[in-house]
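# Coordinate inspection notes
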Amino acid sequence: MNPSSPQLDTIPGVFSLLLSPTRRGARLGRLLAVTELRSWGVPPSVTERAEQIVAELTANAVLHGQVQGRDFRLGLSLSPAPRTLRIEVTDARRDRMPVLPQPADGETGRGLLIVAALADRWGVVPYPPSGKTVWAEAEIPSAHAAPSGQSAEERL
């Protein structure tokens with residue numbers, strides 16, 4: 001190895017992990033996502049929203065996207081402008097595309113309603129050859145946002 005070449009162990013603001021399609025895998029994904037977001041300095045209000053979104057999407061991957069012998073993937077990424085957190089959960093079942101259900105009185109079936117309420121945007125895209133990725137985005141408020149009616153120059 002050339003000692004003068006830079007080493008890229010991780011890319012800041014990008015996280016991806018394969019997890020077992022079990023309740024334990026979903027729980028581990030939620031815990032690791034929160035740890036990662038805290039290390040990136042994501043504000044607690046966004047981290048709390050993201051934690052619930054990850055919990056719902058990973059639980060859905062386990063309950064509805066499981067294929068014997070295939071893991072699911074959890075991905076997190078930060079885009080710089082506008083600062084947006086993107087959460088992606090990819091599973092192996094394209095034949096079971098999620099749809100936003102009507103609110104019901106049952107004890108299950110509310111996961112995507114929760115995601116829709118907490119995320120600024122969400123959706124689903126096919127993941128070749130046979131899977132799908134359900135994604136959600138949460139905007140991160142600027143730490144230096146001006147109160148309404150006040151410019152950035154006036155704050156300084």
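Keep in mind that this is a model prediction, so the values were computed, not measured. (Residues numbered from 1 in each chain as written. Predicted model: local features only at pLDDT ≥ 70, side-chain atom pairs only at ≥ 80, totals over all residues. Heavy atoms only, no water.)

### Here we look at the pattern of salt bridges
Tallied over the entire structure, the rule returns nine salt bridges. For R73, the salt bridge identified is with E88, shortest N-O distance 3.5 Å. Remark: E88 occurs in strand β3 (residues 84-91) and R73 occurs in strand β2 (residues 72-79); sequence separation between them is 15 residues. Across the pair K132 and D91 runs a salt bridge whose closest N-O atoms are separated by 2.8 Å. (Salt bridge = Lys/Arg side-chain N within 4 Å of Asp/Glu carboxyl O. Helix = DSSP H or I, 4+ residues; strand = E, 2+ residues; numbered from the N terminus.)

### Focus on the packing of helix α2 (residues 44-64) against helix α3 (residues 111-118)
For the pair α2 and α3, interaxial distance at closest approach is 9 Å and the crossing angle is 150 degrees. One element, α2, and the other, α3, form an angle in the roughly antiparallel class. You can see that α2 and α3 cross each other, and the crossing is left-handed. Of the residues in α3, those touching α2 at R49, Q52, I53, E56, L57 and N60 are G111, L112, I114, V115 and L118. Within the contact of α2 with α3, the residues separate by chemical class into six nonpolar, three polar and two charged. (Axes fitted to C-alpha atoms, helices over the stretch in contact; angles between N-to-C directions. Parallel < 35°, antiparallel > 145°, perpendicular 65-115°, else oblique. Left-handed = near helix turned anticlockwise from the far one by under 90°. Contact = heavy atoms within 4.5 Å. Nonpolar A, V, L, I, M, F, W, Y, C, P; charged D, E, K, R; others polar.)

### Focus: α2
When the terminal C-alpha atoms of α2 are compared, their 30 Å separation across 21 residues agrees well with the 30 Å that a helix rising 1.5 Å per residue should span. Taken together, the buried positions of α2 are V46, T47, A50, I53, V54, E56, L57, T58, A61 and V62. The secondary structure elements touched by the buried residues of α2 are α1 (23-40), β2, β3, α3 and β5 (131-139). (Expected span 1.5 Å × (residues − 1). Buried < 20%, exposed > 50% of the residue type's maximum accessible area, 1.4 Å probe, protein only.)

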